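Structure assessment
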Amino acid sequence: MKIRIEREDGVFEYERRPMRRARFRALCAIAIAAIYAGALITVAALCGVPGLVTMLLFTMLVGLGISGTLM
C-alpha cells in the first residue's frame, strides 16, 4: 500500500505492506461480536425478556442456516 500526498511545500510518501488476511478476519470477527453484544444489550433493555428470547432464537436460526444444518 502506498500513500502519496502532494502539497505546495513538498511531497509526503509512505509505503507499507497490507494487513495479513488472518489478522483482518480476526479484527472483523471481534467487531461483529461487539456489534452483536451491543444489539443484544439494547434489545434486552428496551424489550425485556420477550425481546431477548426472540433475539436468541433468531441467532440460533441464523447459526443453523450458516452451518447448513437447517437446509
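Residues numbered from 1 in each chain as written. Predicted model: local features only at pLDDT ≥ 70, side-chain atom pairs only at ≥ 80, totals over all residues. Heavy atoms only, no water.

Regarding the overall build of the protein chain
For clarity, the cut-off: By the criteria applied, helices consist of DSSP H or I runs no shorter than four residues and strands consist of E runs no shorter than two, each listed in order from the N terminus. What the globule rule says is 2.2 Å times the number of residues to the power 0.38, and the radius of gyration is computed from C-alpha atoms. Each residue is assigned to one of three classes by its accessible area relative to the maximum for its type, calculated with a 1.4 Å probe on protein chains only: buried under 20%, partly exposed between the two thresholds, exposed over 50%.
In terms of regular secondary structure, the protein chain is built from two helices and two strands. Walking the protein chain from its N terminus toward its C terminus, one meets helices and strands in the order β-β-α-α. In terms of overall size, the protein chain is more extended than a compact globule, its C-alpha atoms giving a radius of gyration of 21 Å where 71 residues would be expected to give roughly 11 Å. Considered along the principal axes of its C-alpha atoms, the protein chain spans approximately 60 × 30 × 15 Å. Across the 71 residues in the protein chain, those meeting the buried criterion constitute 3%.

Side note on the pattern of salt bridges
Inclusion rule: Note on definitions: salt bridges are taken to be side-chain nitrogens of Lys or Arg within 4 Å of carboxyl oxygens of Asp or Glu.
Per the counting criterion, the structure on display carries two salt bridges. We note a salt bridge from Arg4 to Glu6, for which the minimum N-O separation is 2.9 Å. With relative accessibility at 47%, the residue Arg4 sits in the partly exposed group. A salt bridge links Glu13 to Arg4; the nearest nitrogen and oxygen atoms lie 2.0 Å apart.

Some thoughts on helix H2 (residues 49-67)
Going by this rule: Expected span, for any helix, means 1.5 Å times one less than how many residues it has.
Along its 19 residues, H2 runs 27 Å from first to last C-alpha, staying within 8% of the 27 Å computed at 1.5 Å per residue. In the segment just after H2, Gly68 is the residue with positive phi, at about 90°.

Some remarks on the pairing of strand E1 (residues 2-7)
Convention followed: Pairing between two strands is assigned when DSSP locates at least 2 bridges connecting them.
The buried fraction of E1 amounts to zero of the six residues, a small share that puts the element mostly on the outside. As defined by bridge partners, E1 adjoins strand E2 (residues 10-15) across six bridges and the pair is classed as antiparallel. When the sheet's bridge partners are listed, Lys2 is paired in E2 with Glu15.

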